[in-house]
Amino acid sequence: MATVIAVTSGKGGTGKTSLVGAVGSCLAALGHPVLCIDMDVGLRNLDLTLGLSDRALMDFTDVAEGRCPLEKAVVEHPEIRNLFLLTAPFSLPLDVPEESMRALLRQARERYDYVLLDAPAGLGKGFQLATCGCDRAIVVSTTDTSALRDAQRTVTELMKRTEQIHLVVNRVQPKLLKKLHTTIDDAMDTAGLPLLGVVPEDSLVMLSANQGKPLILCANKGAAVGYRNIAFRIEGRKVPVMDR
């Protein structure tokens, strides 16, 4: 039975989609069947991050509304075994009832070990749909004050839907933290969440996305290590949040 994980953020630009693609790839490389679902209707990018934009034809609304079975709508990655994508539609509005989304997730639980939902930023309909059937949630934030404040607001809403909520501090720049006289512990205290992982700022994240390749196929250091350790911790392993 799969674990359904909603990956959320209070604001855009925190690297949430990059995290879903990279952690999903790592879990798949570890031997787990993984389904990544892009929930960002109208602004989907997970297909680009995974290099599957030419393959993803059907979207999650086609499955939720009964136009296509799940097994025909998902796209398997050609290079990373066990990694699958179910994309979002290009256009608004989003009228899928929450019960239809829960039904989709019930099907997914029978086929995959992990289902990662890339929720849109903010607390609107897309966020509500992405979190309506999750077992746990990850809030992705950078260390800037506005991102952490928005993360707090996200946590308040997530607590109505799941008890397991963790923080990932993304795009960390140690030199900037030093100048700001702040730490990761400060970020944890502000967000009010236990820490699942820390990912450093890394130009290879953008480079790999622009090349249409998952990060683990392009790098074995920097952000790739942070994402790998998050995958390990999701599995239940006791590993550092970030190798030094």
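Keep in mind that what you see is a predicted model, and the values were worked out from it rather than measured. (Residues numbered from 1 in each chain as written. Predicted model: local features only at pLDDT ≥ 70, side-chain atom pairs only at ≥ 80, totals over all residues. Heavy atoms only, no water.)

### Some points on the overall build of the chain
- Of the regular secondary structure elements, the chain holds 11 helices and 8 strands.
- What you see for the chain is a C-alpha radius of gyration of 17 Å, in line with the 18 Å of a compact globule of 244 residues.
- Burial statistics for the chain: of 244 residues in total, 55% are counted as buried.
- The long-range share in the chain, meaning contacts at least 24 apart out of those at least 6 apart in sequence, stands at 77%.
- For the chain, the distance from the average site of its 28 positive side-chain charges to the average site of its 28 negative ones is 5 Å. (Helix = DSSP H or I, 4+ residues; strand = E, 2+ residues; numbered from the N terminus. Rg over C-alpha atoms; globule rule 2.2 N^0.38 Å. Buried < 20%, exposed > 50% of the residue type's maximum accessible area, 1.4 Å probe, protein only. Contact = heavy atoms within 4.5 Å. Lys, Arg positive; Asp, Glu negative; His and termini not counted. Charge placed at Lys NZ, Arg CZ, Asp CG, Glu CD.)

### Side note on the nonpolar core
- Formed by 35 residues in total, the largest nonpolar core has its most connected members in Leu19, Val23, Val34, Ile138, Tyr227, Ile230 and Ile234.
- The set of elements that each furnish at least two residues to this core consists of β1 (3-8), α1 (16-29), β2 (34-38), β4 (83-86), β5 (114-118), β6 (136-141), β8 (195-200) and α11 (223-235).
- Looking at this core, the element that brings in the most residues is α1, giving 7 residues.
- Not counting the four nearest positions on each side in its chain, isoleucine 230 is found in contact with Leu19, Val23, Val168, Leu196, Gly197 and Val199.
- If you look at the next biggest cluster of nonpolar residues, it comprises 31 residues, including Ala2, Val4, Ala6 and Ala119. (Core = buried A, V, L, I, M, F, W, Y, C linked by side-chain atoms within 4.5 Å.)

### A look at the packing of α1 against α11
- Put simply, α1 and α11 touch, their axes get as near as 8 Å, and they point 65° apart. When the axes of α1 and α11 are compared, the crossing they make is right-handed. Seen from α1, the contacting residues are Ser18, Leu19, Ala22, Val23, Cys26 and Leu27; seen from α11, they are Tyr227, Arg228, Ile230, Ala231, Ile234 and Glu235.
- Class assignment of the residues belonging to the contact of α1 with α11 gives a composition of 9 nonpolar, 1 polar and 2 charged. (Axes fitted to C-alpha atoms, helices over the stretch in contact; angles between N-to-C directions. Left-handed = near helix turned anticlockwise from the far one by under 90°. Nonpolar A, V, L, I, M, F, W, Y, C, P; charged D, E, K, R; others polar.)

### Quick look at the pairing of β1
- Of all 6 residues in β1, 5 are buried, a share of seventy percent or more.
- With 5 bridges connecting them, β1 and β5 associate as parallel partners. Looking at β5, one finds that isoleucine 5 is bridged to leucine 116.
- Relative to β6, β1 is paired through 4 bridges, and the arrangement is parallel. From the neighbouring strand, valine 7 faces β6, where its bridge partner is isoleucine 138. (Pairing = 2+ DSSP bridges.)

### Side note on α11
- Compared with an ideal rise of 1.5 Å per residue, which puts 13 residues at 18 Å, α11 spans 19 Å between its outermost C-alpha atoms and is within 8% of the ideal.
- Within α11, 10 of the 13 residues are buried, which leaves the element mostly enclosed by the surrounding structure.
- Within α11, the full set of buried residues consists of Ala223, Ala224, Val225, Gly226, Tyr227, Asn229, Ile230, Ala231, Phe232 and Ile234.
- The first or second residue beyond α11 is glycine 236, which carries a positive phi of 105°. (Expected span 1.5 Å × (residues − 1).)

### With respect to the packing of aromatic side chains
- A complete count under the given rule lists 1 aromatic pair for this structure.
- Note on phenylalanine 84 and tyrosine 112: the rings are 5.5 Å apart at their centroids and 65° apart in plane angle, and the pair reads as edge-to-face. With phenylalanine 84 in strand β4 and tyrosine 112 in the loop between α5 (98-109) and β5, the pair connects residues that are 28 residues apart, well separated along the chain.
- Assessed through its relative accessible area of 6%, tyrosine 112 is described here as buried.
- Above the plane of the ring of phenylalanine 90 lies arginine 44, whose end atom (NZ or CZ) is 3.7 Å from the centre. (Phe/Tyr/Trp six-rings, centres within 6.5 Å; stacked < 30°, edge-to-face > 60°. Lys NZ or Arg CZ within 6 Å of the ring centre and 35° of its normal.)

### Examining the side chain of threonine 17
- With respect to the helices and strands, the residue threonine 17 is situated in helix α1.
- Of the residues examined, threonine 17 reaches a relative accessible area of 18% and is grouped as buried.
- Setting aside residues no more than four positions away along its own chain, threonine 17 makes contact with Asn45, Leu46, Thr49 and Asp118.

### Focus: the sheet that holds β5
- Here 8 strands make up an open sheet; going across it, the order is β3-β4-β2-β5-β1-β6-β7-β8 and the pairing mixed. Each edge of the open sheet carries a strand with a single partner, namely β3 (75-76) and β8.
- Pairing of β2 with β5, which is carried by 5 bridges, proceeds in the parallel orientation. Bridging across to β5, valine 34 finds its partner in tyrosine 114.
- Each of β1, β6 and β7 (164-172) is contacted by helix α7 (residues 145-158), which is oriented at about 165° to β6, the strand it contacts most.
- This element, α11, spans β1, β5, β6, β7 and β8 of the sheet and lies at about 165° to β8.

Honestly, that's just the spatial picture; any functional story needs more than this.
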